[in-house]
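Residue strings, one per chain:
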Amino acid sequence: MAYTKNILITGGAGFIGSHLVRLMLNKYPDYRIINLDKLTYAGNLKNLTDVESAPNYAFVKADICDRNAINDVFEKYEITDVIHLAAESHVDRSIEGPMEFVMTNVVGTVNLLQAAKDFWKLNIVSSGGNVFHHVSTDEVYGSLGAEGLFEEVTPYDPRSPYSSSKASSDHFVRAFHHTYGLPIKISNCSNNYGSHQFPEKLIPLMINNIVHKKPLPIYGKGDNIRDWLWVVDHASAIDRIFHDGRLGEAYNVGGLNEWTNIDLVKYLCKIMDQKLGRAEGESAELITYVTDRAGHDMRYAIDATKLETELNWRPSLQFEEGLDKTVDWYLENAEWIDEVTSGAYRDYYENMYQDR
Ligand code: NAD
Ligand code: DAU
């Protein structure tokens, strides 16, 4: 079959990437989806077992820093478009060791940009025009006080090694547009939650610890604020921006759904007490205040007006409904959690909280 697009999705075995691969395979049978992933601790092909036998799906295990491997993929699959998600994504890990973040998030992104630029210059392979869509984060804008929202024009002010590496990658993506005319789009999204998220991030970590009656580590006073969006809605926003967003533009993605960490964890405890048949208040007794994250950003909140007005995108789910589905998924998939938290992750996690 001749496919209308051959889309390279990087990081497709990770949390958001696997939701995006699933959406694209189900929605666009005339596209071939090539998932390229290094399968780090955060990548797991079991995230995709329901779609891996689709005829329009291919998986390549490779590192985005490996230029020869990337060139081979562009040539073999005649890549028409890239949606780039592969990254080191966890802020606490970036504080422990920034270099891996520089390698994957900065060097790996530039490597991909070079490969796309070189291949598309020689091969005009897509009748609709090529697109390099870079998936980024709201953390590039820094930290908000009590008021205000991040807009696309908010100056960059990254403050952690993770957000600095993502900001750097955004700058390189824009530089390739301005300097070489590469057809790029960028999306900057707020905190995602949902199924298949590695349980080092706040929500799945807390769910897992509640199940096992382990301490629930709240950094600092728990009054930091995040703006939560269901991962399936993030995937639908990427789909919309990839297809209809303007070239050279950035779009913020978010749910207008701000929670302090402590309120969110208390709410999780409440719904999990009900689901697990525990007495009301039992899980909340596990809450333990620990040393704050170094340089902890106070508040993130997204103004997604541009995406809503230009591209008519809105989140599909209320947070309470999304969280309910999410908790059910983790309760029904205890095996997945056991698998991804075994071995090296367990050592990392235990060391991490030793001095907190
Ligand atoms: P994740 O950590 O769950 O997945 C990252 C994936 O990238 C994994 O499958 C991993 O194996 C792969 N990967 C890592 N290094 C690689 C390399 N060198 N070469 C090839 N593959 C590699 O991350 P996520 O939470 O799904 O985030 C995906 C993207 O979305 C990231 O770019 C992140 O910055 C961005 N983002 C995440 C959130 C969020 O809340 N999780 C919000 C906004 C933006
Ligand atoms: O805003 C988008 C970003 O959201 C993404 O770019 C990142 O990839 C993603 O990891 C996420 O970053 P955060 O640092 O906001 O997410 P995390 O789940 O690590 O933490 C959420 C909040 O909860 C943050 O204020 C720190 C706090 N926290 C986190 C953990 C893991 C705790 O209090 N205790 C914890 O154990």
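Residues numbered from 1 in each chain as written. Chains lettered and ligands numbered in written order. Predicted model: local features only at pLDDT ≥ 70, side-chain atom pairs only at ≥ 80, totals over all residues. Heavy atoms only, no water.

A word on the site of ligand 2. Close to ligand 2 lie 24 residues, the nearest being Thr137, Asp138, Tyr162, Arg293 and His296. Between His296 and ligand 2, the recorded distance is 2.7 Å, taken from a side-chain N or O atom to an oxygen atom. Surface burial for ligand 2 is 95%, taken as the share of its 680 Å² of free accessible area covered by protein chains. Every element with two or more residues in the shell around ligand 2 is listed here: α6 (202-211) and β8 (216-219). For the shell around ligand 2, the leading source of residues is β8, giving three residues. When the residues that make up the shell around ligand 2 are grouped by side-chain class, the tally is 10 nonpolar, eight polar and six charged. Formed jointly, the shell around ligand 2 draws a minimum of three residues from each of two domains, domain 1 (5-190 + 228-253) and domain 2 (202-226 + 258-300 + 318-350). (Near = heavy atom within 4 Å. Polar contact = N/O pair within 3.5 Å; in protein donor to acceptor, adjacent residues only side chain to side chain. Areas by Shrake-Rupley, 256 points an atom, 1.4 Å probe, with all protein chains shown as cover. Helix = DSSP H or I, 4+ residues; strand = E, 2+ residues; numbered from the N terminus. Nonpolar A, V, L, I, M, F, W, Y, C, P; charged D, E, K, R; others polar. Domains from an automatic or database assignment.)

Here we take up the nonpolar core. Looking at soluble globular proteins, one finds that nonpolar side chains tend to be buried together. Ile203, Leu216, Leu268, Phe319 and Leu323 are the most contacted members of the largest nonpolar core, which totals 30 residues. Mapped onto this core, the elements with two or more residues apiece are α6, β8, β9 (225-230), α8 (261-275), α10 (319-332) and α11 (334-340). The greatest single-element share of this core, amounting to seven residues, is contributed by α8. Other than its neighbours up to four places away in sequence, Phe319 contacts Tyr193, Ile203, Trp228, Asn257, Trp259 and Leu264. Within the second largest apolar cluster, 29 residues are counted, among which are Ile70, Leu112, Phe132 and Ala250. (Core = buried A, V, L, I, M, F, W, Y, C linked by side-chain atoms within 4.5 Å. Buried < 20%, exposed > 50% of the residue type's maximum accessible area, 1.4 Å probe, protein only. Contact = heavy atoms within 4.5 Å.)

Here α10 is 14 residues long and its end C-alpha atoms lie 20 Å apart, about the 20 Å a rise of 1.5 Å per residue gives. When α10 is considered as a whole, its buried residues turn out to be Phe319, Gly322, Leu323, Thr326, Val327, Trp329 and Tyr330. Buried residues of α10 fall within an arc of 160 degrees about the axis and therefore sit on the same side. Of the surrounding elements, those touching the buried residues of α10 are β7 (191-193), α6, β9, β11 (258-260), α8 and α11. (Expected span 1.5 Å × (residues − 1). Arc of directions from axis to C-beta.)

All right, on to the domain arrangement of the chain then. Looking at the chain, the domain boundaries give domain 1 (5-190 + 228-253) and domain 2 (202-226 + 258-300 + 318-350). Taking only C-alpha atoms into account, the centre of domain 1 sits 27 Å from that of domain 2. With 23 residues of domain 1 in contact, the opposing surface of domain 2 contributes 21 residues. Summed over both sides, the interface of domain 1 with domain 2 buries roughly 1900 Å², with 50% coming from carbon and sulfur. Viewed at the interface, domain 2 and domain 1 are joined by three salt bridges. Notably, a salt bridge pairs Glu339 with Lys46, separated by 2.8 Å at the nearest N-O pair. Our count for the domain 1 to domain 2 interface comes out at 12 residue pairs in polar contact (both at pLDDT 80 or more). If you list the elements that add at least two residues to the side of domain 1 that touches domain 2, you get α3 (91-96) and β9. Here the side of domain 1 that touches domain 2 takes five residues from α3, the largest share from any one element. Across the side of domain 1 that touches domain 2, the residue classes break down as eight nonpolar, seven polar and eight charged. (Buried area = accessible area lost by both parts, 1.4 Å probe. Salt bridge = Lys/Arg side-chain N within 4 Å of Asp/Glu carboxyl O.)

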